[in-house]
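# Observations on the three-dimensional arrangement
Given next are the chains, with one letter for each unit.
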Amino acid sequence: AIDVENYHTYEEIMAYLADLASTNPLVSTLVAGTSVEGRQIVQATISSDRSANKPIAWFDCNIHAREWITAATCVWIIDTITSGYGTDAEITALVDQYDWKFVPVANPDGYAYSWSNDRLWRKNRAINSGSACVGVDLNRNFPSGFGGEGSSNLPCSETHHGVSALSEPESQTLDALIAADRGRVKAAISMHSYSQLWLSSYSYSSALPVEYPEMMNAMKAGVDALVATYGTPYEYGSTGTVLYIASGTTTDHYYENEGVVHSYTIELRDKGRYGFQLPASQIVPTATKTWNGIKAFMNAI
Ligand code: 0X9
Ligand code: ZN
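Residues numbered from 1 in each chain as written. Chains lettered and ligands numbered in written order. Predicted model: local features only at pLDDT ≥ 70, side-chain atom pairs only at ≥ 80, totals over all residues.

Mean pLDDT over the protein works out to 98, with 100% of the residues at or above the 70 mark. What the predictor reports for the complex is a pTM of 0.98 with an ipTM of 0.93. (pLDDT = per-residue confidence, 0-100.)

This is the structure in structure tokens:
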């Protein structure tokens, strides 16, 4: 068990997932890859019947190191689903309908570094050849629009895209995981903070996907339920129109190269008062309303 109302280190989260996998028959874990510094990148699957090859609700969390609320929210959701299955009718139905897959810490080195050295670290911990500056922005390292607007070839930039698309082991791992489930991923959600937004493709341009009306309906269902929980305002729409252009992101990759129509980025609390350093007292309310939004969204698509 884990106290979901607190932030936890990489090691604590991994220990929680391992414990859950060994004690709860719904849960299995997969070491999907290894980070630059050798940490395991773990995916947890919640399934009531692995042989059924159900459609999948797929999540990556904490690809940006300092966005601690994203791992905390994914852990809270895992805890809520596993303890609600068999007693909560809506959760039971959603687990019977979908397999749920989570990478709670997609950037383990950056996350560990944000605990040990620099709370506001964003990138991974790759050495950039010819530079003293460390790190690649993993959410600029994917193939869709790689190297374009809203990313930088400068190693010292916070949005440094790396030497080539999928140059980083952490992005390779997410790419391999989503590709392994090609054709089964009904929804792919990348958890980020902060800004209180539910974002779709495209991110690398202001163009709109052909399925945009359908995506807007799905986002509206999620955001309406999320906002109804505590009245926290959220906006939704394509990244390029609602936020800014960002090239090489997970969400565009899952949409454009993996065929996941319902591919989104959710920017969790807050709107800047605490920013990335959201107090632990806001973990449970943030996760609760996000989960209400995700349930409504999954029931709408
Ligand atoms: O810039 C980013 O990577 C994300 N914002 S953050 O403050 N968490 O860094 C936004 C990415 C949005 N991307 C897609 N929806 N594809
Ligand atoms: Zn982010």
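Let's shift gears to the packing of helix 2 (residues 68-84) against helix 9 (residues 283-300). At a closest axis distance of 9 Å, the pairing of helix 2 and helix 9 adopts a crossing angle of 65 degrees. In the packing of helix 2 onto helix 9, the handedness of the crossing is right-handed. For the pair formed by helix 2 and helix 9, the contact residues are I69, A72, T73, W76, I77 and T80 on the first element and I283, V284, T286, A287, T290 and W291 on the second. For the contact of helix 2 with helix 9, the class distribution of residues is eight nonpolar, four polar and no charged. (Axes fitted to C-alpha atoms, helices over the stretch in contact; angles between N-to-C directions. Helix = DSSP H or I, 4+ residues; strand = E, 2+ residues; numbered from the N terminus. Left-handed = near helix turned anticlockwise from the far one by under 90°. Contact = placed C-beta atoms within 7 Å. Nonpolar A, V, L, I, M, F, W, Y, C, P; charged D, E, K, R; others polar.)

Within the fold, E267 resides in strand 8 (residues 262-268). Remark: the alpha-carbon pair of E267 and Y204, spanning 63 residues in sequence, is separated by 17 Å. Leaving out residues up to four positions away in the same chain, E267 has contacts with H192, S193, Y194, S195, Q196, L197 and L199.

Turning next to the nonpolar core. Formed by 76 residues in total, the largest nonpolar core has its most connected members in C61, C74 and W198. With 10 residues, the single largest contributor to this core is helix 2. Residues within four places of C74 in sequence aside, it is in contact with F59, C61, F102, P104 and M191. (Core = buried A, V, L, I, M, F, W, Y, C linked by C-beta atoms within 7 Å. Buried ≥ 20, exposed ≤ 12 C-beta atoms within 10 Å, placed from the backbone.)

Next up on the list: helix 1 (residues 10-23). The first and last C-alpha atoms of helix 1 sit 20 Å apart over 14 residues, in line with the 20 Å expected at 1.5 Å per residue. Those residues of helix 1 that sit buried are Y10, I13, Y16, L17 and L20. Projected down its long axis, helix 1 shows its buried positions confined to an angular sector of 130 degrees, all on one face. Across helix 1 from its buried face, at more than 90 degrees, point the exposed residues E11, S22 and T23. Of the surrounding secondary structure, the elements contacted by the buried residues of helix 1 are strand 1 (27-34), strand 2 (40-46), helix 2 and helix 4 (108-116). (Expected span 1.5 Å × (residues − 1). Arc of directions from axis to C-beta.)

It is worth spelling out the sheet that holds strand 4 (residues 99-103) at this point. A sheet is described by the order of its strands in space; here eight strands give the open sequence 1-2-4-3-5-8-6-7, paired in mixed fashion. Edge positions in the sheet fall to strand 1 and strand 7 (235-238), since each of these pairs with one other strand and no more. Direction aside, the axes of adjacent strands within the sheet are offset by 20 degrees on average. Across four bridges, the pairing between strand 6 (residues 197-200) and strand 8 is antiparallel. Across the sheet, residue W198 finds its bridge partner in strand 8, namely I266. Docked against the sheet, helix 5 (residues 169-180) engages strand 1, strand 2, strand 3 (56-61), strand 4 and strand 5 (185-193), running at close to 135 degrees with respect to strand 1. Along the sheet face, helix 6 (residues 212-230) touches strand 6, strand 7 and strand 8 and points at about 160 degrees away from the line of strand 6. (Pairing = 2+ DSSP bridges.)

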